[in-house]
Amino acid sequence: MTMPPTVDQEFVFAKSDFERVRKLIYGHAGISLHEGKQAMVYSRLSRRLRETGHSSFQDYLDDLERGTGQAGEREWQEFVNCLTTNLTSFFREEHHFHALADALKSWGSKPLRIWCCAASTGEEPYSLAITCHEALGSLSNVQLVCSDIDTNVLAKARRGVYDAEARGLSPQRLRNYFMRGTGANAGCIRFKPDLARNIDFRVVNLMHTQWQLGEPFHMVFCRNVMIYFDAPTQRKVLERIHRVMTPGSLLFVGHSENFTEAKDLFRLRGKTIYEKV
C-alpha cells in the first residue's frame, strides 16, 4: 500500500516506509509519530533522499540502518534533525519567567544551575539568561546548560543572531541584552557575547540512559518536549530528569503537559510548574 500521491511527489512512499520511519525515530529519539504525520515525514525526508542521491525511501532507510562509523552517525543525526519540530519564541509562556524571577528573589549569591532540555534555536535559553540577570543582577553564579537533539538548531542557538523583529522582546530588553547589526547585518540582533559566557550549548538525546550534565540542577525547563513521547517514554524521561535535580528543585513544563500521574516524582507547584519530591 502506498500513501496517497501529491501533485509533485517524486518518490514512492509506501505505508511500510512510513511505519519503518516511525519505528526508527521512536527507537532512536523516543519521538512517537502518529498516523497524521505521513505528509510531514515525506516532505522532510524526501529532501534527504535528494541530498544523498537515493532513489527510494527503502534504499535510504536500508543505508541508514547499515551505516557505521562517523558517516553513519552523521546520517542518523540528519535523520533526527529532519523529523524534530522546533517552534519557539522569546519569553514563550511568559508566566514561567515571572515564576522563575519570583523563585530567584531570595537566591542571593548561591551558585545556580538551570537545564533547558529543548534549547531549539536559542530563544528560550536567552530568555532564561535575561530573567536570571534581571533577578540576580549578574550571571556570574549562574550556569545554563542548554541542550537539544537537533544539531542544526543548536548551531543557530550558539550564534545568538535573530531577526530584529523577533517576537517577545520589549524595547528595553532589546537595548540591554542585544547588539543591533549594521551594514550587511542590518535588520539582525545578536545576544551580547559577554552575557552568553555562562551558557553551555550541547547535544543531548533524552533517550540515552546516561547524561553527562555535571552537578544536579536547581531548575529544569523541559517544555513542549514530552508531547512527542508516548506514556512509557515520558515516564522514563521523567525518572531520569528527577535523578539530575536537587531536592525541592523546580520543573517547568509545556502548557499542554500534565504529569499528575508521576506524583511519586513531582508535586504540582503552580501552573505547569512541578517540584521534585
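Everything below is about the structure printed above this text.
Residues numbered from 1 in each chain as written. Predicted model: local features only at pLDDT ≥ 70, side-chain atom pairs only at ≥ 80, totals over all residues. Heavy atoms only, no water.

Q: Now, about the pattern of salt bridges: what can you tell me, with residues and values included?
A: Applying the stated rule across the entire model yields 17 salt bridges. Here E19 ties to R22 by a salt bridge, and the two come within 3.2 Å at their closest N and O atoms. Within this pair, E19 and its partner R22 are both found in helix 1 (residues 15–29), separated by three residues, close to a single helical turn. The exposure class assigned to E19 is partly exposed, which follows from its relative accessible area of 31%. Residue class for R22 comes out partly exposed when judged on its relative accessible area of 22%. What emerges from the salt-bridge pattern is a single network uniting K15, E19, R22 and E35. (Salt bridge = Lys/Arg side-chain N within 4 Å of Asp/Glu carboxyl O. Helix = DSSP H or I, 4+ residues; strand = E, 2+ residues; numbered from the N terminus. Buried < 20%, exposed > 50% of the residue type's maximum accessible area, 1.4 Å probe, protein only.)

Q: Provide a residue-level description of the sheet that holds strand 8 (residues 245–253), including the pertinent values.
A: Strand order in this open sheet of seven strands is 6-2-1-7-8-10-9, and the pairing throughout is mixed. The two strands at the open ends of the sheet, each matched to only one other strand, are strand 6 (199–203) and strand 9 (266–270). In this sheet, adjacent strand axes meet at a mean angle of 20° when their direction is disregarded. Looking at chain direction, strand 2 (residues 142–148) and strand 6 are connected through five bridges and run parallel. By the bridge assignment for strand 6, V145 is matched with D200. Docked against the sheet, helix 7 (residues 151–159) engages strand 2 and strand 6, running at close to 165° with respect to strand 6. (Pairing = 2+ DSSP bridges. Axes fitted to C-alpha atoms, helices over the stretch in contact; angles between N-to-C directions. Contact = heavy atoms within 4.5 Å.)

Q: A description of the packing of helix 2 (residues 38–52) against helix 4 (residues 69–83) should follow, citing residues and the corresponding values.
A: Close contact between helix 2 and helix 4 brings their axes to 9 Å; oriented N to C, the two are set at 150°. Between helix 2 and helix 4 the crossing geometry is right-handed. The segment helix 2 lies against helix 4, with M40, V41, R44, L45, R48 and T52 engaging E75, E78, F79, C82 and L83. Grouping the amino acids of the contact of helix 2 with helix 4 by side-chain chemistry returns six nonpolar, one polar and four charged. (Left-handed = near helix turned anticlockwise from the far one by under 90°. Nonpolar A, V, L, I, M, F, W, Y, C, P; charged D, E, K, R; others polar.)

Q: Please provide a residue-by-residue account of the packing of aromatic side chains, values included.
A: Taken as a whole, this structure holds 18 aromatic pairs when the rule is applied. On the numbers, 5.1 Å between centres and 80° between planes, the contact of F90 with Y162 is edge-to-face. Linking F90 in the loop between helix 4 and helix 5 (95–104) with Y162 in strand 3 (residues 161–163), this pair joins segments that are 72 residues apart in sequence. For the pair formed by F90 and Y162, the shared burial category is buried. Consider the rings of W115 and W211, whose centres lie 5.1 Å apart with planes at 70°: the pair is edge-to-face. (Phe/Tyr/Trp six-rings, centres within 6.5 Å; stacked < 30°, edge-to-face > 60°.)

Q: Can you lay out the nonpolar core for me, pointing to particular residues and giving the numbers?
A: In globular proteins that are soluble, nonpolar side chains generally tend to be buried together. Membership of the largest hydrophobic core comes to 37 residues, with the highest contact counts inside it found for L100, I114, F178 and F191. For this core, the leading source of residues is helix 6 (residues 123–136), giving five residues. Other than its neighbours up to four places away in sequence, I114 contacts L100, L128, C132, Q143, L144, V145, F217, M219 and F221. Membership of the second largest hydrophobic core comes to 26 residues, among which are V145, L206, L213 and V244. (Core = buried A, V, L, I, M, F, W, Y, C linked by side-chain atoms within 4.5 Å.)

Q: Account for the pairing of strand 7 (residues 217–222), with residues named and values stated.
A: Judged by how many residues are buried, strand 7 sits mostly within the fold: five of six residues are covered. With three bridges connecting them, strand 1 (residues 112–116) and strand 7 associate as parallel partners. When the bridges of strand 7 are listed, C116 appears paired with F221. Summarising the sheet, strand 7 and strand 8 pair through five bridges and their orientation is parallel. When the bridges of strand 8 are listed, F221 appears paired with F252. The parallel pair strand 7 and strand 8, bridged by helix 9 (residues 231–243), forms a crossover whose chirality is right-handed. (Right-handed = clockwise from strand over helix to strand, strands pointing away.)

Q: Run through the sheet that holds strand 3, naming residues and quoting values.
A: Taken in spatial order, the three strands of this open sheet run 3-5-4, and their pairing is antiparallel. Because the sheet does not close on itself, it has two edges, and the strands there are strand 3 and strand 4 (178–180). Pairwise comparison of adjacent strand axes, ignoring direction, gives a mean angle of 35° for this sheet. The sheet contact formed by strand 3 and strand 5 (residues 188–191) spans three bridges and is antiparallel. Opposite V161, over in strand 5, you have R190 as the bridge partner. Strand contacts of helix 6: strand 3, strand 4 and strand 5, with the helix running at about 60° to strand 5, the strand carrying the most contacts.

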